[in-house]
Amino acid sequence: MSAVIAITSEKGGVGKSTLAVHLAGAFAERGLRVTLVDEDGRVGSSVGWSRRGPGLPFPVLEPDEVRPKALRELDALIIDTEGRPKRKELRDLSERADTILVPSGVSTLELESTLSIADYLNSEGGARRKLKVVLTRVPPTSGAGERAREDLREAGLTVTNTLVRQYASYLRAADLGVLCRDVPDERSAQAWADILSLSREIL
Ligand SMILES: Nc1ncnc2c1ncn2[C@@H]1O[C@H](COP(=O)(O)OP(=O)(O)O)[C@@H](O)[C@H]1O
Ligand SMILES: [Mg+2]
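Residues numbered from 1 in each chain as written. Chains lettered and ligands numbered in written order. Predicted model: local features only at pLDDT ≥ 70, side-chain atom pairs only at ≥ 80, totals over all residues. Heavy atoms only, no water.

Participant: Teacher, can you tell me more about the sheet that holds strand 3 (residues 60-61) here?
Facilitator: Strands pair in a sheet through their backbones, by hydrogen bonds, and they do so in one of two ways: parallel or antiparallel. An order of 3-2-4-1-5-6 is seen for the six strands of this open sheet, with the pairing classed as parallel. Two strands in the sheet have a free side with no partner beyond their single neighbour: strand 3 and strand 6 (131-135). Direction of pairing for strand 2 (residues 34-38) relative to strand 3: parallel, over a ladder of two bridges. Across the sheet, residue L36 finds its bridge partner in strand 3, namely V60. (Pairing = 2+ DSSP bridges. Helix = DSSP H or I, 4+ residues; strand = E, 2+ residues; numbered from the N terminus.)

Participant: Please explain the nonpolar core as it appears in this structure.
Facilitator: Note on soluble globular proteins: their nonpolar side chains tend to be buried together. Judged by nonpolar contacts, the single largest core of 35 residues is most densely connected at I5, L23, F27, F58, I78 and L101. Mapped by element, the contributors of at least two residues to this core are strand 1 (3-7), helix 1 (16-29), strand 2, helix 2 (46-52), strand 4 (76-80), helix 7 (168-176) and helix 8 (188-202). In contact with F27, not counting residues within four places along its chain, are I5, L32, V34, A76, I78, S199, I202 and L203. Grouped together as the second largest cluster of nonpolar side chains are 27 residues, A97, V133, A148 and V159 included. (Core = buried A, V, L, I, M, F, W, Y, C linked by side-chain atoms within 4.5 Å. Buried < 20%, exposed > 50% of the residue type's maximum accessible area, 1.4 Å probe, protein only. Contact = heavy atoms within 4.5 Å.)

Participant: So what exactly am I meant to see when it comes to the pattern of salt bridges here?
Facilitator: Side-chain pairs of opposite charge can arise where the charged atoms are in close proximity. Per the counting criterion, the structure on display carries nine salt bridges. When salt bridges with common partners are traced through the structure, they connect E29, R181 and D182 into a single cluster. (Salt bridge = Lys/Arg side-chain N within 4 Å of Asp/Glu carboxyl O.)

Participant: Honestly, the UniProt feature "domain: CobQ/CobB/MinD/ParA nucleotide binding" (unreviewed entry) in the chain in this entry has me stumped. Any pointers?
Facilitator: Residues annotated in UniProt with the feature "domain: CobQ/CobB/MinD/ParA nucleotide binding" (unreviewed entry) correspond here to residues 5-42. Annotated as 37% helix and 21% strand, the span residues 5-42 places its first and last C-alpha atoms 20 Å apart. (UniProt positions renumbered as here; feature names shortened; annotations may be inferred.)

Here it is, written out as structure tokens:
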């Protein structure tokens, strides 16, 4: 059975699609069989990403292209979502997924949104143990990522050790329809190292 990893957040534009595409890319590089399902039909989603470039090293499917039998052969299924889930959507997602990844920026506003989605999952009984927060778009030098990680952990949340730092390579990667490791920029290797490290914490 494949591990189902759903990516959601209370706010939009926090980095869900960036995380979904790169996590899938890291799994693929590690030789895992992975598929990304794009449940966000809007522009800027991961299907659009995969079509802009030469092709990503894993399948990116729309929900109606998913074949349940093929899913059983996978190591990991990653679900990218629109975010801002209604309570019922979040409940459905937490039933389908083994892990719910919530990317969060380090600003107070974003941390509050993350605490609020965690509160809801907590009220859903078993769902909270599926929740993992990933701090993302972390300023590389300020220490804000480490502080946010500490604060969320003190509030009882599971937070990955890896901080996904803020690099321009991710924006270029989205424009070019590739992974950040394939962007010609001196910091791309650092960005990719964050993603590989994160992928090992997830699976
Ligand atoms: N680690 C990061 N460093 C720099 N920019 C990032 C990072 N993660 C996401 N972004 C940028 O933030 C914006 C929103 O990201 P996106 O993945 O589309 O969010 P969402 O899917 O949650 O709406 C995009 O412009 C993306 O390139
Ligand atoms: Mg998105």
